[in-house]
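Architecture and fold: a report
If you want the building blocks of each chain, they are given just below.
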Amino acid sequence: MMKRIFVLLSFICLLTGFSTTAMAQEGSSADALIQNGITILQQIDRDGSGDVWEGAASFVKAKLPKDTFVKNIRQARATIGTVAQRRWASVVRIRYNTQAGDTPPGLYANIDYATDLRDGTTVFELISFQLDPNGVWRVTGYVPRNKQ
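The structure contained in this document is the topic of the report that follows. Positions within a chain are numbered from 1, following the residues in the order the chain's sequence is written. Owing to the predicted nature of the model, reporting of local features is limited to residues with pLDDT of at least 70; listing and counting of side-chain atom pairs is limited to 80 or more, with chain, interface and lining totals taken over all residues. Side-chain figures throughout are based on the complete set of non-hydrogen atoms in the structure, without hydrogens or water.

Another point: the sheet that holds strand β1 (residues 83–96). When DSSP locates at least two bridges between a pair of strands, those strands are taken to pair. Helix and strand assignments come from DSSP, with helices taken as H or I runs of at least 4 residues and strands as E runs of at least 2, each series counted from the N terminus. Read across the sheet, 4 strands follow the order β1-β2-β3-β4 without closing on themselves; strand pairing throughout is antiparallel. If you trace the sheet from one side to the other, it starts and ends with β1 and β4 (137–145), each paired once. Neighbour-to-neighbour, the strand axes of the sheet open up by a mean angle of 20 degrees, direction not taken into account. Where strand β2 (residues 106–117) meets strand β3 (residues 122–131), 9 bridges bridge the pair, whose relative direction is antiparallel. Looking at the pairing, Thr-115 lines up with Val-123 of β3. Across the sheet, helix α5 (residues 66–77) is in contact with β1, β3 and β4; its angle to β4 comes to roughly 40 degrees. Each axis is a line fitted through C-alpha atoms, and for a helix only the stretch in contact is used; angles between axes span 0 to 180 degrees, taken between their N-to-C directions. Here, residues are in contact when the closest pair of their heavy atoms is within 4.5 Å.

Here's what the structure looks like:
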C-alpha cells in the first residue's frame, strides 16, 4: 500500500529528469518558493490536506478527488514523526515543453527539505509546484522519505 502511495505521489511530484531553468529567469524567487513549501508543510502537519488540495494545480485536482488526495497525504505524513525543524536542501525548477504522461507542459519546482524530527532522526520531504497561468505556484505533490 505504501509503495503504491509513494509511486503515485512520486509521479505527481515530477522528481527528476528534464531540463532545468535558472531561478532568476521566470516565476518567483527561490526564497518565495521555499516559504510556500514551508506553508504547505505546516498545513499538512496540522492535518490541513483538504486546504492543500483546494490550492493544488488543476491537473492534480482532475486526477485525484479531494478525499483520495487527503487520504494519500495523511498516509504519507504518518510515515514520519514529530517535526523539530525544517531546512531547505534543494530547489529545482523544471520546464516541460511537451506533455509528459499526465503532466501538462509548464514550469514546475521541487523543493526538498531536510526535516529533523524530535527523536533525532532526519527525513526528507519533497513539495512540488506548478506555475499556473496567473503566476501562482500550485501544489502538485508531497513525498516524505528517509533518504534524499
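Given a rise of 1.5 Å per residue, 12 residues ought to cover 16 Å, and the 16 Å separating the end C-alpha atoms of α5 matches this to within 8%. Buried residues of α5: Phe-69, Val-70, Asn-72, Ile-73, Ala-76 and Arg-77, and no others. Buried residues in α5, looked at end-on, bunch into an arc of 165 degrees, giving them a common side. Multiplying one less than the number of residues by 1.5 Å gives the expected span of a helix. Remark: exposure states derive from per-residue accessible area (1.4 Å probe, protein chains only) relative to the maximum for the residue type, with buried under 20%, exposed over 50%, and partly exposed in between. Relevant arc is that of directions from the helix axis to the C-beta atoms, nothing else.

Counted residue by residue, β3 has 9 buried out of 10 residues, so it is predominantly covered. Following β3, the chain reverses through 5 residues before pairing antiparallel with β4; Gly-135 in that reversal takes a positive phi of roughly 85 degrees.

Turning to the nonpolar core, a few remarks are in order. Ranked by size, the top nonpolar core spans 34 residues in total, and within it Ile-127, Phe-129 and Tyr-142 carry the most contacts. Of all the elements in the fold, those that place two or more residues in this core are α2 (30–45), α3 (49–54), α4 (58–63), α5, β1, β2, β3 and β4. When sequence neighbours within four positions are dropped, the list of residues in contact with Phe-129 reads Leu-33, Asn-36, Gly-37, Ile-40, Leu-107, Tyr-108, Ala-109, Ile-111, Trp-137, Arg-138, Val-139 and Thr-140. Residues enter a nonpolar core if they are buried and are Ala, Val, Leu, Ile, Met, Phe, Trp, Tyr or Cys, with the set joined through side-chain atoms within 4.5 Å.

Further remarks concern the packing of aromatic side chains. The criterion for an aromatic pair is that two Phe, Tyr or Trp rings (for Trp, the six-membered ring) have centres within 6.5 Å, with stacked assigned to planes under 30 degrees apart, edge-to-face to planes over 60 apart and tilted to the rest. Taken as a whole, this structure holds 2 aromatic pairs when the rule is applied. Considering the side-chain rings of Tyr-96 and Tyr-108, the 5.2 Å spacing of their centres and the 90 degrees angle between planes classify their relative orientation as edge-to-face. Pair noted here: Tyr-96 is in strand β1 and Tyr-108 is in strand β2, with a separation of 12 residues, a long-range link. In terms of burial, Tyr-96 and Tyr-108 fall into one category: buried. Each member of the aromatic cluster is reached from another via a ring pair, and the members are Phe-59, Tyr-96 and Tyr-108. Comment: the charge-over-ring label is applied if NZ (Lys) or CZ (Arg) is within 6 Å of the ring centre and within 35 degrees of the ring normal. For the cation-ring pair, Lys-61 lies above Trp-53, with the distance from its terminal atom to the ring centre recorded as 5.0 Å.

Time to look at the environment of Val-83. For Val-83, the position within the fold is in strand β1. When its relative accessible area of 18% is taken as the criterion, Val-83 is described as buried. Once the C-alpha coordinates of Val-83 and Leu-117 are considered, the two residues, 34 residues apart in sequence, prove to be 4.5 Å apart. Excluding residues within four positions of it along the chain, Val-83 makes contact with Asp-45, Arg-77, Thr-115, Asp-116, Leu-117 and Arg-118.

Don't take any of this as a statement about function, it's just geometry.
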